[in-house]
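Structural overview for review
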Amino acid sequence: MSAEFGDRGPQSKLSRWLRGRRPQEATGDGGREALLLAAASAGLPLAPAAYPAPGYRCSCDRVGCPTPAQHPVSFAWQTQSTTDRAQIERWARNQPQANFITATGMVHDVLDVPLEAGREALGRLLDAGIEVGPVAESDAGRMLFFTLTRGTPEDEDEWWPCELDCHPETMDEHPGLRWHCRGSYVLVPPARLTGDDQHVRWVRGPEHPLPDPLTLLEVLTDVGTRHADQDTGPAQPAWPSRR
């Protein structure tokens, strides 16, 4: 996947570096820190997260953890999240097994779609010449499109409310398109999931500028709805109309 989509258009040093390394190498200590710092340099605020423990468990040791290795370690993750290079270096070096989350709704949002739908949509977007920002792929079966945030207007009535706005505790309720905005987070590559050789990795690295989410939305919803129709039969409209 990375090589297939990475061949489209000019490539940065980071993209070429990623393509030349196996996933296992890119998630080693040196590669891990470099990728985290690249994400922070792109403006993605980071905070430490749990990681896989032996026996398909989560490092938090919570019995029945609902999102093993996929949640922050601190309840203060929103205020803790930072792009400060020195702080991220300290976290990465002092917690060498930790995953990291990036808090959405500050600088960026994430449009989160089923993997196969995301792969098709990414190909269509690139073929159409639409600017696509960073994209990550999860072995949990999801593809993450990083975009600019909708912002935080002073007037709450200016928000575009949508039932698909996704907070961590509601992700299972929205198996199709999920829009992570204010109050949500996603794992940032490189991250390890529970299971054998399960990861979250970049398909397009954080050096790509964040696009307006609305430029991607039509293709993502069109492809996502069609995939949902194939899986479950006729689907309800995938997105409410904008006010």
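Only a predicted model underlies this, so the values are computations on that prediction, with no experimental measurement involved.

Quick look at the confidence of the model for the protein
- Looking at the protein, pLDDT values average 80 and 72% of them are 70 or higher.
- Predicted confidence in the protein is weakest over helix α3 (residues 23–26), with a mean pLDDT of 39, and strongest over strand β6 (residues 135–138), with 98.
- In the model, residues 1–28 has pLDDT below 50 throughout and makes 40 contacts with residues more than four positions away in sequence or in other chains.

So, the sheet that holds strand β8 (residues 178–180)
- Within the open sheet, the 6 strands sit side by side as β8-β5-β7-β6-β11-β10. Their pairing is antiparallel. Of all the strands in the sheet, the pair left with one neighbour each is β8 and β10 (191–192).
- The sheet strands contacting helix α7 (residues 115–127) are β5 (108–114), β6, β7 (142–148) and β11 (199–204), and the helix crosses β7 at an angle near 45°.

Examining the pattern of salt bridges
- Counted under the stated rule, the structure contains 10 salt bridges.
- Note that Asp112 and Arg142 form a salt bridge whose closest N and O atoms lie 2.7 Å from each other. Of this pair, Asp112 sits in strand β5 while Arg142 sits in strand β7, and the two are 30 residues apart along the sequence. For the residue pair Asp112 and Arg142, the accessibility class agrees, reading buried in each case.
- A single salt-bridge network, built from bridges that share partners, covers Glu116, Arg119, Glu137, Asp139 and Arg201.

Conventions used here
Residues numbered from 1 in each chain as written. Predicted model: local features only at pLDDT ≥ 70, side-chain atom pairs only at ≥ 80, totals over all residues. Heavy atoms only, no water. pLDDT = per-residue confidence, 0-100. Helix = DSSP H or I, 4+ residues; strand = E, 2+ residues; numbered from the N terminus. Contact = heavy atoms within 4.5 Å. Pairing = 2+ DSSP bridges. Axes fitted to C-alpha atoms, helices over the stretch in contact; angles between N-to-C directions. Salt bridge = Lys/Arg side-chain N within 4 Å of Asp/Glu carboxyl O. Buried < 20%, exposed > 50% of the residue type's maximum accessible area, 1.4 Å probe, protein only.

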